[in-house]
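# Notes for the structure review
Spelled out, the chains give:
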Number of protein chains: 2
Amino acid sequence: MSNEPATEPRWLDDEEQHAWQAYLHATTLLEDHLDRQLQRDAGMPHVYYGLLVQLSRAPRRRMRMTELAQNAKITRSRLSHAVARLEKNGWVRRENCASDKRGQNAYLTDEGLRVLEKAAPGHVNAVRAAIFDRLTPEQIGQLDEICCMIADGLQPQGADLPWLR
Amino acid sequence: MSNEPATEPRWLDDEEQHAWQAYLHATTLLEDHLDRQLQRDAGMPHVYYGLLVQLSRAPRRRMRMTELAQNAKITRSRLSHAVARLEKNGWVRRENCASDKRGQNAYLTDEGLRVLEKAAPGHVNAVRAAIFDRLTPEQIGQLDEICCMIADGLQPQGADLPWLR
């Protein structure tokens, strides 16, 4: 609307537009694919699976809820909702934090670990078939670098980050 | 559990695991960021914005619902829900297809076009700041190629694709 160059947005050029569409297609299809696979074979969505993996790797299979949200890059309310569902399944329990009365830990139960171990082979096969078996080692390195650049840029100090909301 | 090598899943190695975590972090953070920006500045989530963009580029600002779902890589039920909301806002209308009595078109209203044109500069700035201003032209080409590889692999003939469900 204005003729001032400073106010005109820099629209994406053809290469950028093509890459952006490819990104949207790949990420949307992959999330749908992994979600369906895990729902069908393990009765949980992809985000729940990620929470179980995190807990399984933590000392004593326990983590602070705030840390769990930060690592999963999700909001505290989304985490609370997910953990409530996982608790209902008997896969996770919450407990008050010994060192901090306001804090809460989540821990992975034996049953949760069993479910995770059963789900893991199918999930890793799906991730491999969709990504790692299709890319060269060089492309895997490029993907890693590009994704780290994007993730780093979206987590500046003081930003409106999901796990702080 | 078994000693047969054929049944043991091929777990991700360290490089693959690192790239996979980076991918999950980048994609989760970016979707949250773009959704928040569009909700705040234009009153719609990212997926709705994508639908308005598609319609704005179509001849006579009209598209078949099935085609719209396929391009957005979403299920028909998710599309129906989104279009119902967009219709309520007066941004999109549905009409029966002249050539196929079972088919439906969606079209972008003048009001929808106005809303899209107002939202576009802020959205493109957010996409640029998060991705394209952070990557070299070479990396943009790599991202494009990698995403096309992943998206192509997830759309085989006869697969359980979102828009066919």
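Structural data are supplied above this passage.
What this report covers is the structure whose coordinates are included nearby.

Conventions we followed
Residues numbered from 1 in each chain as written. Chains lettered and ligands numbered in written order. Predicted model: local features only at pLDDT ≥ 70, side-chain atom pairs only at ≥ 80, totals over all residues. Heavy atoms only, no water. Least-squares fit on C-alpha atoms with pLDDT ≥ 70 in both. Contact = heavy atoms within 4.5 Å. Core = buried A, V, L, I, M, F, W, Y, C linked by side-chain atoms within 4.5 Å. Buried < 20%, exposed > 50% of the residue type's maximum accessible area, 1.4 Å probe, protein only. Buried area = accessible area lost by both parts, 1.4 Å probe. Salt bridge = Lys/Arg side-chain N within 4 Å of Asp/Glu carboxyl O. Polar contact = N/O pair within 3.5 Å; in protein donor to acceptor, adjacent residues only side chain to side chain. Helix = DSSP H or I, 4+ residues; strand = E, 2+ residues; numbered from the N terminus. Axes fitted to C-alpha atoms, helices over the stretch in contact; angles between N-to-C directions. Parallel < 35°, antiparallel > 145°, perpendicular 65-115°, else oblique. Nonpolar A, V, L, I, M, F, W, Y, C, P; charged D, E, K, R; others polar. Phe/Tyr/Trp six-rings, centres within 6.5 Å; stacked < 30°, edge-to-face > 60°. Lys NZ or Arg CZ within 6 Å of the ring centre and 35° of its normal.

So, on to the relation of the copies chain A and chain B. The transformation that overlays chain A on chain B combines an axial shift of 0.0 Å with a rotation of 180 degrees, and the residual RMSD is 0.0 Å. Taken together, these values place the two copies in the relation of a two-fold axis. An overlap of 100% is found between the interface residues of chain A and their copies at the interface of chain B, pointing to a shared contact surface.

The next thing to look at is the nonpolar core. Core analysis: the largest hydrophobic core is formed by 108 residues, its most contacted members being Trp20(A), Met44(A), Ile131(A), Trp20(B), Met44(B) and Ile131(B). Ignoring sequence-local partners within four residues, the contact set of Met44(A) consists of Asp35(A), Leu38(A), Gln39(A), Tyr49(A), Leu52(A), Trp91(A), Val115(A) and Ala119(A).

Now for the interface of chain A and chain B. Counting residues at the interface gives 64 residues for chain A and 65 residues for chain B. At the boundary of chain A with chain B, total buried surface from both sides reaches about 5,900 Å², with 67% on carbon and sulfur atoms. The interface formed by chain A and chain B contains eight salt bridges. Across the contact surface, chain A and chain B share 18 residue pairs in polar contact (both at pLDDT 80 or more). Going through the elements one at a time, α1 (14-42), α2 (46-57), α3 (65-72), α5 (110-132) and α6 (137-153) of chain A are the ones with two or more residues in the side of chain A that touches chain B.

A word on the packing of α2(A) against helix α4 (residues 76-88) of chain A. Residue and element names in this part refer to chain A. Where α2 contacts α4, the two axes come as close as 11 Å, and the packing angle between them is 80 degrees. Regarding the angle of α2 to α4, the classification is roughly perpendicular. Contacts between α2 and α4 involve Val47, Tyr48, Leu51 and Leu52 on the former and, on the latter, Arg78, Leu79, His81, Ala82, Arg85 and Leu86. Across the contact of α2 with α4, the residue classes break down as seven nonpolar, one polar and two charged.

Residues and elements named next belong to chain A. Inspection of every chain in the model, using the stated rule, returns two aromatic pairs over all chains. Ring plane angle 10 degrees and centroid distance 5.4 Å describe the contact between Trp20 and Tyr23, whose orientation is recorded as stacked. Within this pair, Trp20 and its partner Tyr23 are both found in helix α1, separated by three residues, close to a single helical turn. Residue Trp20 is classed as buried on the basis of its relative accessible area of 5%. Classification of Tyr23 as buried rests on a relative accessible area of 7%. In this structure, Arg62 is placed above the aromatic ring of Tyr107, and the distance from its NZ or CZ to the ring centre is 4.4 Å.

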